[in-house]
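Here are the chains, one letter per residue:
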Amino acid sequence: MPRLKPLHLIAAVLLAASASLASAAPPAPKAADAALCKDTGRWLLTSGKRLQPTLPAGPLSEAASSDVVLLGEQHDQDDHHRWQLQVLAALHAQRPDMAIGFEMFPRRLQPVLDRWVAGQLSVREFITQAEWEQVWNFPPQLYLPLFEFARINRIPMIALNVDQKLTRAIADKGWQGVPAAEREGVGRPAAALPAYRDLLRELHRSHLAGRRQAGKGDNSFENFLDAQLPWQRAMAEARAARLGAPAAGQRRPLVVGVMGSGHIRFEHGVPHQLRALGVKRVTSLLPASGREECQTLQPGIAHAVFVLPDRPAANLEPPRLGVTLEDQGKGVRIAQLNPGSLAETYGLKAGDRIVELAGRAPGSSAEVSAAIRRQPPGTWLPFKVARKDGEVEIVVRFPPQAPAPAPAQPQPQPQP
């Protein structure tokens, strides 16, 4: 039965961390922000004390002269991946001796990436052998143009990540609790910067409060922090190892990293670990999705940000779980499932009592319906339900684009 991957959970926390840091930084004057973000489809320098527009030659030339370039993304945003492909093409034109590292793959899958670049695998074979549905599970079509670019140009692809098993073990036992032989060769990470540590502590406290576990003590936070840093250290080590020592009279290859923006922003994650490894020439580039996100940008978030054009809002039907709900005392019961519904697909059953929805106890069926309708397409929603044989945790993933609703049928309660 599908479960939310530990790596996805950590990624969500890191993205939330970045957003919190952005909002905590001193905001620029709103009038200046509005004027600065009026024009999209252009670069903004963000590494100084103030944001300023620049021509593409500036950030791309700086990136091409670096040892490592980090390209951020929000995993489910297709325009972010198109932007990454555009930047990769521009960098490859200047630095054809290139390697591309991907957060999406654990190190053990490196042979699969090598076979793909060598042209030995079809797309279907590559996705299957790379265990895409297990290790990443965002739609592969979002990333295939990047993989095809590497294959066509024979650019080495690097598996940057660690296995979920290691991340889970560190989260449970802490770094010291995992034997060195089981750490996949990952070295001791550099200590988190104070601002990053404080932010993650606040996020961890909020997470525990939401799950009514605030009394678990500080050790759980240390384990939580320990699980973040080796993940970032592994990605930094893979890049640093690829650089190596250049041959006499030759330049080091350019190593580009494709990863979630939360690992890059404000240089708290992978850039910090790279510098601890002695890699100093690191350029961080991020995409911003339109004017609204542009106006949240703060100085220091990266070296430069490309502001993508606004996209017309899709007129999508709200997500539907496909259940009939009824209030039962202080809880909510699933009275009926529609055949072929998401609820049936993910293992919810008629008679289940919803104990928790996204970590909180729902007070009414209307509250459950509202929470489901607020769920963006392509995201995950965790349920805890009570049955005769105990409680079960189930995570439902809503399709990237909500399907058209089935013909209306009489229902005793609103059907989310």
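Read on for a plain summary of the structure.

1. Focus on the nonpolar core
Counting 45 residues, the largest nonpolar core has Phe105, Phe126, Phe147 and Met157 as its most contacted members. With near-sequence residues (within four places) excluded, Phe126 lies in contact with Phe105, Val112, Leu113, Trp116, Leu121, Phe147 and Met157. The next biggest cluster of nonpolar side chains, apart from the first, holds 28 residues, and it includes Cys37, Ala236, Phe266 and Ile301.

2. Things to note about the packing of helix H3 (residues 57-64) against helix H4 (residues 78-94)
Helix-helix packing: each pair is described by the crossing angle between the helix axes and the interaxial distance. One can describe the packing of H3 onto H4 by two numbers: an axis separation of 10 Å at closest approach and a directional angle of 60°. Relative to H4, the element H3 lies oblique. Between H3 and H4 the crossing geometry is right-handed. Across the interface between the two elements, Leu60, Ser61, Ala63 and Ala64 from H3 touch Val87, Ala90, Leu91 and Gln94 from H4. Split by residue class, the contact of H3 with H4 holds six nonpolar, two polar and no charged.

3. Concerning unusual backbone geometry
Residues other than glycine seldom take positive phi values, yet Phe266 does so here, at roughly 60°. Backbone geometry at Ala358 places phi at a positive 55°, although glycine is not the residue there. In this fold, Ala358 is placed in the loop between strand S11 (353-357) and helix H15 (365-373). On the accessibility criterion, Ala358 (46% relative accessible area) is partly exposed.

4. With respect to the state of the cysteines
Applying the stated criterion to the full structure yields one disulfide. The disulfide partner of Cys37 is Cys294, and the S-S distance across this bridge is 1.9 Å. As the torsion about the S-S bond is roughly -75°, the Cys37-Cys294 disulfide counts as left-handed. One end of the pair, Cys37, is in the loop between helix H2 (30-36) and strand S1 (42-45); the other, Cys294, is in helix H13 (residues 290-294), and 257 residues separate them in sequence. We classify Cys294 as buried; its relative accessible area is 2%.

5. Let's talk about the environment of Leu274
Tracing the sequence through the fold places Leu274 in helix H12 (residues 270-276). What makes Leu274 buried here is its relative accessible area of 0%. Linking Leu274 and Arg239, residues 35 residues apart in sequence, is a C-alpha distance of 8.2 Å.

6. Description of the side chain of Glu237
Structurally, Glu237 can be placed in helix H11 (residues 219-243). You can call Glu237 buried: its relative accessible area is 16%. Side-chain polar atoms of Glu237 contact the side chain of Arg107, separated by 3.2 Å. A polar atom in the side chain of Glu237 sits 2.8 Å from the backbone nitrogen of Gly187. Beyond its immediate chain neighbours, meaning those up to four positions away, Glu237 contacts Arg107, Gly185, Val186, Gly187 and Leu277.

7. As for the side chain of Ser341
The residue Ser341 is located in the loop between strand S10 (331-337) and helix H14 (342-345) in this model. We classify Ser341 as buried; its relative accessible area is 8%. Within the local environment of Ser341, its side chain forms a polar contact with the backbone oxygen of Gly322, the two atoms lying 3.5 Å apart. Aside from chain neighbours lying at most four places away, what touches Ser341 is Leu321 and Gly322.

Definitions and limits used
Residues numbered from 1 in each chain as written. Predicted model: local features only at pLDDT ≥ 70, side-chain atom pairs only at ≥ 80, totals over all residues. Heavy atoms only, no water. Core = buried A, V, L, I, M, F, W, Y, C linked by side-chain atoms within 4.5 Å. Buried < 20%, exposed > 50% of the residue type's maximum accessible area, 1.4 Å probe, protein only. Contact = heavy atoms within 4.5 Å. Axes fitted to C-alpha atoms, helices over the stretch in contact; angles between N-to-C directions. Helix = DSSP H or I, 4+ residues; strand = E, 2+ residues; numbered from the N terminus. Parallel < 35°, antiparallel > 145°, perpendicular 65-115°, else oblique. Left-handed = near helix turned anticlockwise from the far one by under 90°. Nonpolar A, V, L, I, M, F, W, Y, C, P; charged D, E, K, R; others polar. Disulfide = S-S within 2.5 Å. Polar contact = N/O pair within 3.5 Å; in protein donor to acceptor, adjacent residues only side chain to side chain.

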